[in-house]
Amino acid sequence: MALSPKLGPEQAAANMADIAPRFTPQEALIEANRCLFCFDAPCIQACPTGIDIPSFIQKIATGNPTGSARTILSANILGASCARVCPTSVLCEGACVVLDREGKAVQIGRLQRYATDHVYDNKIQVLKPAAKKSGKKIAVLGGGPAGLGCAAELAQLGHDVTIFEKKPQGGGLNTYGIAYYKMPPQVSLAEVELVKSLGVQFKYGVEVGKDVQIADLEKQFDAIFVGLGLGRGHQMNIPGENLPEVVQALDFIETLHTAPLHKVAVGARVAVIGGGNTAIDAVTQAKRLGAEKAMLIYRRTEAEMSAYDFEQELAKRDGCEFVLNAAPVEVVADCNGHVAGLKLARTKVVNGKAEIIPGQEWVEPVDMIIKAIGEPKQVELLKRLFPKLELDKRGAIVYDKQTGATNIAKVFAGGDCANGGREVVNAVGEGKKAARGIHAMFANQKVVGPIQDSRLGVKTAPVGSGLDNPIRVPELEKQYEAAGH
Ligand code: SF4
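Residues numbered from 1 in each chain as written. Predicted model: local features only at pLDDT ≥ 70, side-chain atom pairs only at ≥ 80, totals over all residues. Heavy atoms only, no water.

Enquirer: I would appreciate a short explanation of empty space enclosed by the protein in the present structure.
Expert: To find the voids left in a structure, one rolls a probe of water-molecule size over its atoms. Applying the stated criterion across every chain, the model contains four cavities of 30 Å³ or more. For the largest cavity, the calculated volume is near 120 Å³. When contributions to the lining of the largest cavity are tallied by element, the ones reaching two or more residues are helix 6 (79-85) and helix 9 (108-121). The greatest single-element share of the lining of the largest cavity, amounting to three residues, is contributed by helix 9. By volume, the second largest cavity is sized at about 90 Å³. Lining the second largest cavity are 15 residues, with Cys35, Cys38, Cys43, Cys96 and Val106 positioned closest to its centre. For the lining of the second largest cavity, the secondary-structure elements that each account for two or more residues are helix 3 (42-45), helix 4 (53-61) and helix 8 (97-102). The leading source of residues in the lining of the second largest cavity is helix 4, at three residues. (1 Å grid on protein atoms, 1.4 Å probe; cavity = no way out; pocket = protein on both sides within 12 Å on 5 of 7 lines; lining within 4 Å. Points joined across faces, edges and corners; volume = space filled by probe spheres on them. Helix = DSSP H or I, 4+ residues; strand = E, 2+ residues; numbered from the N terminus.)

Here's what the structure looks like:
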């Protein structure tokens, strides 16, 4: 049977409402005062964008949410979305010293959201375009988190930046691929507007290699940043996979961001294939959109799932079922060519590999199947765009972790197409590092690092300490000051 919407507007909106509502001013004040304002704060070191966390919390504690947001956004232009989608329990909050003392970390993510919501809601501009222009032009390929992180940093350093984006809107996965109850697309789109306000140009609906050629960009721009992300969904390679109710998880999630929630079609019995965070996002949203039964099918044990524990718990709380040690072997069709079931086979792990146990098969009656088994690297596209670009064995771009430099002069990279697929905050941090690498190249400056965000006067970390923080270009500090940061 064809898929259909299951809920009315009110119920759909209620089911997709924010799972971590914002703090009230009173709650924010109380929470901010739990912070010890540590000197060598481990929470900063755990943040891939090096936000000065004690500083922004202190500003909340002293009734200055605007200053707090300035601290956040000058280090991480996507501070509002990261406040919602970062796995804080394994990053800043996982490193918080209060966690050991009291068993509960300072809620850094929610405080960050409190401060950034304050400036977005009240339309307070806390970042300024650069006062002086350098005359240098940079093309940014891809308007997702890495591209935005790179573009915002370059623009604040006085460079002209143009982002080329295939989709009709910017933000990448933040706009199109995050579970709705974690973050609606409006948050990401407001961040795109913030980047625009810094002077960055966006060219939407432009596919690089088709609508615009790299050779032309190389002539028109002084540097290129590649932030093209990953491709669209691996295949299961089983019979029946092409039936109309078998969809990719990111395509399914995108429908929630591009159509009214109560018009999103979903099955009555949904099977989601995969064990990662995207699989959890898909199965919980299917359930919240009114599926009677939403199952997550994973070929290994629960302990081996790559989804974070808190994500797994959320899915269980929502009533999703986990079918473990099971692999899909065939999509079963009804006589009209629609999905009627999914044949599964029991698996066991042999020498680290999940293998099918012969003779142990069964059919789960389902009418929708969502594939969440990862996204492929864009090897073919990257090779077509940059035939000499060095890729690693996985198909990811080989790049300098501190500067974003690739083996091709004036071509830099960051985000999922280079790191293979990490968190939003990693992509923003890499975009920012590459921006500093590009700027240093223009100025023939040597890039040193890593350190915390030098604009904020944070103590430096030892060079070579391995901290995943933005690089330092000492000569830039004066320019940041001149730009008013
Ligand atoms: S580690 Fe925790 S207590 Fe210390 S500064 Fe960071 S948030 Fe505050």
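Enquirer: Is there a simple way to think about the environment of Lys132 in this case?
Expert: With respect to the element layout, Lys132 can be found in the loop between helix 9 and strand 1 (137-141). Separated by 26 residues in the primary sequence, Lys132 and Gly158 place their C-alpha atoms 5.7 Å from one another.

Enquirer: Please clarify how the domain arrangement of the protein chain should be interpreted in this entry.
Expert: Reports of interface size often rely on the accessible area that becomes lost once the parts have come together. Taken domain by domain, the protein chain consists of domain 1 (20-121), domain 2 (137-231 + 376-482) and domain 3 (246-371). Across the contact, 13 residues belong to domain 2 and 15 residues belong to domain 3. Here domain 2 and domain 3 share an interface that buries about 1,100 Å² over both sides, 53% of which is from carbon and sulfur atoms. For the domain 2 face of the interface with domain 3, the top three residues by lost area are Tyr176, Tyr180 and Tyr181, together amounting to 49%. Along the contact surface separating domain 2 from domain 3 lie three salt bridges. Between Glu254 and Lys167 there is a salt bridge, and its shortest N-O distance comes to 2.8 Å. (Domains from an automatic or database assignment. Contact = heavy atoms within 4.5 Å. Buried area = accessible area lost by both parts, 1.4 Å probe. Salt bridge = Lys/Arg side-chain N within 4 Å of Asp/Glu carboxyl O.)

Enquirer: Sorry, what's going on with the site of the ligand here?
Expert: Neighbouring the ligand are the residues Cys35, Leu36, Cys38, Ala41, Pro42, Cys43, Pro54, Cys96, Val97, Val98 and Ile108. Looking at the shell around the ligand, the elements with two or more residues in it are helix 3 and helix 8. A class-by-class count of the residues in the shell around the ligand yields 11 nonpolar, no polar and no charged. (Near = heavy atom within 4 Å. Nonpolar A, V, L, I, M, F, W, Y, C, P; charged D, E, K, R; others polar.)

Enquirer: Would you explain the packing of aromatic side chains in this entry?
Expert: The description of an aromatic ring pair rests on the distance of the ring centres and on the angle between the ring planes. Evaluated as defined, the whole model comprises three aromatic pairs. Geometrically, the ring pair formed by Phe164 and Phe221 is edge-to-face, given 6.0 Å between the ring centres and 85 degrees between the ring planes. Here Phe164 is found in strand 2 (residues 160-165), whereas its partner Phe221 is found in the loop between helix 13 (214-220) and strand 4 (223-226), with 57 residues between them in sequence. Take Phe164 and Phe221: they sit in the same class, and that class is buried. (Phe/Tyr/Trp six-rings, centres within 6.5 Å; stacked < 30°, edge-to-face > 60°. Buried < 20%, exposed > 50% of the residue type's maximum accessible area, 1.4 Å probe, protein only.)

Enquirer: Just checking my understanding: could you explain the sheet that holds strand 1 for this structure?
Expert: The strands that make up a sheet pair up through hydrogen bonds in the backbone, lying either parallel or antiparallel. The five strands lie next to each other as 3-2-1-4-13, forming an open sheet whose pairing is parallel. Edge positions in the open sheet fall to strand 3 (201-204) and strand 13 (411-413), since each of these has one partner strand only. Ignoring strand direction, the axes of neighbouring strands in this sheet form an average angle of 20 degrees. On top of the sheet, helix 10 (residues 145-156) reaches strand 1, strand 2, strand 3 and strand 4; it is set at about 165 degrees to strand 2, its chief contact. (Pairing = 2+ DSSP bridges. Axes fitted to C-alpha atoms, helices over the stretch in contact; angles between N-to-C directions.)

Enquirer: Can you help me understand the sheet that holds strand 11 (residues 353-364) in this one?
Expert: Strands sit in the order 9-10-11 across an open sheet of three strands; the sheet is antiparallel. Each end of this open sheet is capped by a strand with a single partner; those strands are strand 9 (326-333) and strand 11. Between one strand and the next, the sheet's axes are offset by a mean angle of 25 degrees, whatever the strand orientation. The sheet contact formed by strand 9 and strand 10 (residues 339-350) spans seven bridges and is antiparallel. Residue pairing in the sheet places Ala333 in a bridge with Val339 of strand 10.

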